[in-house]
Amino acid sequence: MFAACRPCYSKSGLCFVSNIQFPLERDFTLKFKTILLGKELSAIGSPVWSQEAEDNLFEYGVKFMMAEDESEELMRTLYELQLKMKKNILFADGSFTDKTAYQYFDELTGQPNLAKVDFSQYKRSKF
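Scoring rules and cut-offs
- Residues numbered from 1 in each chain as written.
- Predicted model: local features only at pLDDT ≥ 70, side-chain atom pairs only at ≥ 80, totals over all residues.
- Heavy atoms only, no water.
- Salt bridge = Lys/Arg side-chain N within 4 Å of Asp/Glu carboxyl O.
- Helix = DSSP H or I, 4+ residues; strand = E, 2+ residues; numbered from the N terminus.
- Buried < 20%, exposed > 50% of the residue type's maximum accessible area, 1.4 Å probe, protein only.
- pLDDT = per-residue confidence, 0-100.

Would you take a moment to explain the pattern of salt bridges for this structure?
Side chains carrying opposite charge are able to pair once their charged atoms draw close together. Under the defined criterion, the tally for this structure stands at 3 salt bridges. For Lys39, the salt bridge identified is with Glu73, shortest N-O distance 3.7 Å. Highlighted residues: Lys39 in strand S5 (residues 39-54) and Glu73 in helix H1 (residues 68-87), separated in sequence by 34 residues. On the accessibility criterion, Lys39 (32% relative accessible area) is partly exposed.

What follows is the structure, given as C-alpha cells:
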C-alpha cells in the first residue's frame, strides 16, 4: 500500500509514502500503476532512499528502470498533467486524494494506529 507524497515525480523516479518498510536494495523492485489523463501508466523501480515520516509511515524515493522511449512518454504525460492542473486547481482526472498520508492509511486499513510492516530484512533467497 502506498500514497504519493509531495508532488515529486519525474521521468527518472518518484516519491511515495507507505506503511510498509521496504529494503533499499537494487534487486528489490516495486511496480507502480496509476491512471492519468485516461491513460494507464505503469513503471518499475527500486527504492533508493527512505526516511521515517510519522507513526510507522515511511517516505521513499524510487528510481525507475525503463527504456528511454518509455521515459520520454512518461514525461509527455506528466507535462500535459502539469499544464492541466495549472489551468484547473480542482483537476481530478487521475488517482488523487486530498487526504494526508496518515488519513489515507487510517481509512484504508481501518486502524487508527498503523502497524509497521517490515520488509527491510528482505533476503532474495527467502522467496
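Read on for the rest.
I'm lost on the confidence of the model for the protein in this one. Help?
Caution applies to low-pLDDT parts of the model: their predicted coordinates are not meant to be read in detail. A residue-level look at the protein finds 72% of positions with pLDDT of 70 or above and a mean pLDDT of 77. Element-level pLDDT for the protein is lowest in strand S1 (residues 2-9), with a mean of 54, against a maximum mean of 90 in strand S6 (residues 57-64).

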